[in-house]
Amino acid sequence: MPAVLGVECSITGKRWLHRGAETPEAERLALGIAQRYGVPDLVSRVMAARGIGLDDVEAFLNPTLRGALPDPSSLQGMTAAVERLSRGITNGEVIGLFADYDVDGATSAALLTRFIAAAGGRSILHVPDRILEGYGPNAEALAGLQQRGAGVVVTLDCGIVAFEVLEKTAEAGLDVVVIDHHMAEPSLPRAIAVVNPNRVDESGVLGHLAAVGVTFLLVIALNRCLREAGWYQGRGEPNLMGWLDLVALGTVCDVVALEGLNRAFVAQGLKVMARRENTGLRALGTVAKIEQRPEAYHLGFVFGPRVNAAGRVGEADLGARLLSTDDEAEAQRIAEALDRHNEDRKEIEAGVQAEAIAQAEQVASEAPILVVSGDGWHPGVIGIVAGRLRERFNRPACVIAFDGATGKGSGRSIKGLALGPAVIAAHQCGLLVGGGGHAMAAGFTIKRENLDAFRTFLTDRFAAELAGQPLVASLSLDGVLAPAGAKRQLVDALAQLGPFGSGNPEPHFAIASAKIVRADVVGQNHVRCIFTGADGGKLKGIAFRAMDNDLGPALLQHGGRPLHVAGQLRSDDWQDRRDVQLFIEDVALAV
């Protein structure tokens, strides 16, 4: 494909490409969408570039649960899970919840906690400390739940590879139900039921769900079972749809593909969140100063990091407790604590990131995957740093924090190179103490003595998958605009295509031959600009974290030369204005 505006190598080293093929077929599809559904031409072109067929437009523009929800019992293990948990509720048993410490785990825990309480049951929660306990179920914590009265425990967003732990737990007489979505091995852990759309004996149709999505299907099936048993006679039946804000939050923050059922979860969940009925989310929105109607962006970049901060550098269960409580005072205290933890996380992350980048730059031009490590690095931020390395170097990255002979690792990957299966394979080869994940992310534990062998294993595996093809960074664009064309009406029309996220990226546009009339640094490392075009139009722009790379200096030191500027158009409603600004992702010299 020819490069957009001839940009073969931008300031950040990317080749600019049109999203989708520019073919007569694509042109006809875009025209057909515009004519049948009455959407603006540019919007129809964006949909056509994403492969949205003519008959799929209605479902894409108006995703509903009615059209997307499957029968939860179609998942393997669901019937057994529902039978055991419904018996636990109706018999008055305490149901233990063991949830992962990230947003997906916290939302799953809050969702099931709220359902069990609304159904008249009892539950207790344990969220493991990232440093002291590590990822996944551990025998001591499960035994602790049993000692606190739990007759059955549900693992949420974890457990699929906890073979030894769950074997010991079963021998101790504790029933376990596993609710997970990470890649499974051919054998399953010992449990009453294992519900995971990524089991090898599943069809894979629901494999894109986050754990909170699987948990919501469990809640639907459990609610149906209790209703059919007459449990709700004389008591109110829970309103499951009122908890879709939790499902949306976990889905967006786990960066799963926003297609099919996930798209419906997030679209409907954002409507629920706009009603501000969840006490914890309302308090967190106040602390974060969110005044406008929430979008997927706020879930991923405002709410999510604060909920995640609990498991990274604070008390691991704070996120789940915030999302579960209806006590206004408690919610306010937790929200403020999470905001402080998030600021601490940023400071810790900056130090680890600087050291990780310095290591990566020594090998980035050669290796198909980056594996960096350090002593004393905080394990709570290594996943974020791995994501930063992936963005900066356009290749999978694993970051390992060593404490003595053992290290905790976290990895992030790029499309086309599945990291989770590679980590599972490394574990099966004896190179890891444990590990798992999915295509785009993985976590693991490693002995220092195996570090070089692990790096070689991943390098060889990904080199074979690439088959000699170079890793070329690219930026997909949906069109080229003049500054005068970046109107609020266009932004509002494009909003119809949301929610945006993994699998449905926000539209990106290039502004051709723009001149910067003002540029300055704001905050610690962001750059704010005003552009003007040959048409006389002006457009505001901001580049986040731009001073961490070559983008910031290029904007500040442009020397009056025209630049092609690429990014996302966003509304700017500060002080009741209805304006537009560009979130800048890349620039290139206009030649």
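Described in the following lines is the structure provided in the data block.

Rules behind the numbers
Residues numbered from 1 in each chain as written. Predicted model: local features only at pLDDT ≥ 70, side-chain atom pairs only at ≥ 80, totals over all residues. Heavy atoms only, no water. Helix = DSSP H or I, 4+ residues; strand = E, 2+ residues; numbered from the N terminus. Rg over C-alpha atoms; globule rule 2.2 N^0.38 Å. Buried < 20%, exposed > 50% of the residue type's maximum accessible area, 1.4 Å probe, protein only. Contact = heavy atoms within 4.5 Å. Areas by Shrake-Rupley, 256 points an atom, 1.4 Å probe, with all protein chains shown as cover. Lys, Arg positive; Asp, Glu negative; His and termini not counted. Charge placed at Lys NZ, Arg CZ, Asp CG, Glu CD. Core = buried A, V, L, I, M, F, W, Y, C linked by side-chain atoms within 4.5 Å. Pairing = 2+ DSSP bridges. Axes fitted to C-alpha atoms, helices over the stretch in contact; angles between N-to-C directions. Parallel < 35°, antiparallel > 145°, perpendicular 65-115°, else oblique. Left-handed = near helix turned anticlockwise from the far one by under 90°. Nonpolar A, V, L, I, M, F, W, Y, C, P; charged D, E, K, R; others polar. Expected span 1.5 Å × (residues − 1). Salt bridge = Lys/Arg side-chain N within 4 Å of Asp/Glu carboxyl O. Phe/Tyr/Trp six-rings, centres within 6.5 Å; stacked < 30°, edge-to-face > 60°. Lys NZ or Arg CZ within 6 Å of the ring centre and 35° of its normal.

For the rest of this paragraph, the subject is the overall build of the protein chain. Within the protein chain, the secondary structure is distributed over 20 helices and 18 strands. Taken over the C-alpha trace, the protein chain has a radius of gyration of 24 Å; the compact-globule value for 591 residues is 25 Å, and the two agree within 12%. Expressed along its principal axes, the backbone C-alpha trace of the protein chain runs to roughly 75 × 60 × 50 Å. Residue burial in the protein chain is summarised as follows: out of 591 residues, 56% are buried. Sequence-distant contacts in the protein chain: of pairs separated by 6 or more residues, those separated by 24 or more amount to 65%. Surface accessibility of the protein chain: about 24,800 Å² in total, with carbon and sulfur atoms responsible for 50%. In the protein chain, the 57 positive side-chain charges and the 69 negative ones have mean positions that sit 4 Å from each other.

Now for the nonpolar core. If you look at the biggest cluster of nonpolar residues, it comprises 80 residues, and the most contacted ones within it are Phe-115 and Val-154. Element by element, the count of residues in this core is highest for helix α9 (residues 211-228), at 10 residues. Each residue touching Val-154, except ones within four places of it in the same chain, is listed here: Leu-85, Ile-95, Gly-96, Leu-97, Phe-98, Leu-112, Val-177 and Ile-179.

Glancing now at unusual backbone geometry. In terms of backbone geometry, most residues other than glycine have negative phi values and most peptide bonds are trans. Gly-498 connects to Pro-499 through a cis peptide bond whose omega is 5°. Tracing the backbone through its elements, the reader meets Pro-499 in the loop between α19 (488-494) and β14 (509-522). Positive phi outside glycine occurs at Leu-5, with the angle close to 55°. Considering the arrangement of structural elements, one finds Leu-5 in the segment before β1 (15-18). Residue classification places Leu-5 among the partly exposed residues on the basis of a relative accessible area of 33%.

Along the chain, Ser-10 falls in the segment before β1. In this structure Ser-10 comes out as buried when scored by relative accessible area, which is 6%.

Moving on to the sheet that holds strand β2 (residues 94-99). What the five strands build is an open sheet, ordered β3-β2-β4-β5-β6; its pairing is parallel. At either margin of the open sheet sits one strand with a lone partner, and together these are β3 (122-126) and β6 (193-195). Across the sheet, the axes of successive neighbouring strands diverge by a mean angle of 20°, strand direction being ignored.

It is worth spelling out the packing of helix α17 (residues 419-428) against helix α18 (residues 451-466) at this point. The contact between α17 and α18 brings their axes to 11 Å, and the two run at 135°. Relative to α18, α17 is oriented oblique. The two elements α17 and α18 meet at a crossing, and its hand is right-handed. Along its contact with α17, which presents Leu-419, Pro-421, Ala-422, Ala-425 and Ala-426, the element α18 presents Phe-454, Phe-457, Leu-458, Arg-461 and Phe-462. Taken together, the residues of the contact of α17 with α18 sort by class into nine nonpolar, no polar and one charged.

What follows deals with helix α1 (residues 24-37). Residues separated by three or four positions in an α-helix point in the same direction, a consequence of the helix having 3.6 residues per turn. Helix length check: α1, at 14 residues, gives a terminal C-alpha distance of 20 Å against a target of 20 Å (1.5 Å per residue), a fit within 8%. Burial in α1 covers these residues: Ala-30, Gly-32, Ile-33 and Ala-34. Packing partners of the buried residues in α1 comprise α2 (41-49) and α3 (57-61).

A separate point is the pattern of salt bridges. Counted by the stated rule, this structure contains 35 salt bridges. Glu-83 is the salt-bridge partner of Arg-87, the closest N and O atoms lying 3.2 Å from each other. Of this pair, Arg-87 and Glu-83 both sit in helix α5 (residues 78-90), four residues apart, roughly one helical turn. Here Glu-83 falls in the partly exposed class, since its relative accessible area comes to 40%. Within the structure, one salt-bridge network assembled from shared partners comprises Arg-19, Arg-50 and Asp-478.

Moving on, we get to the sheet that holds strand β11 (residues 441-447). A sheet is described by the order of its strands in space; here five strands give the open sequence β7-β8-β9-β11-β10, paired in mixed fashion. The strands lining the two open edges of the sheet, one partner per strand, are β7 (370-375) and β10 (434-438). Direction aside, neighbouring strands of the sheet carry axes that sit 15° apart on average. Inspection of the sheet shows strand β8 (residues 397-403) paired to strand β9 (residues 406-412) by seven bridges, in the antiparallel sense.

The final tally for this structure, using the stated rule, is six aromatic pairs. Arranged with centres 5.6 Å apart and planes meeting at 85°, the rings of Phe-216 and Phe-265 form a pair that is edge-to-face. A residue pair is termed long-range when its members are at least 10 positions apart, and Phe-216 in helix α9 and Phe-265 in helix α11 (residues 261-274) qualify at 49 residues. No difference in accessibility class separates Phe-216 from Phe-265, as the two residues are buried. Here the aromatic rings of Phe-544 and Phe-583 are separated by 5.1 Å at their centres, their planes lie at 80°, and the arrangement is edge-to-face. Taken together, the positions of Phe-544 in the loop between β16 (538-543) and α20 (551-556) and Phe-583 in strand β18 (residues 579-589) put the pair 39 residues apart, joining distant regions of the chain. Through successive ring pairs, a cluster of aromatic residues spans Tyr-297, Phe-301, Phe-544 and Phe-583. Sitting over the ring of Phe-60, Arg-263 keeps its end group 3.8 Å from the ring centre.

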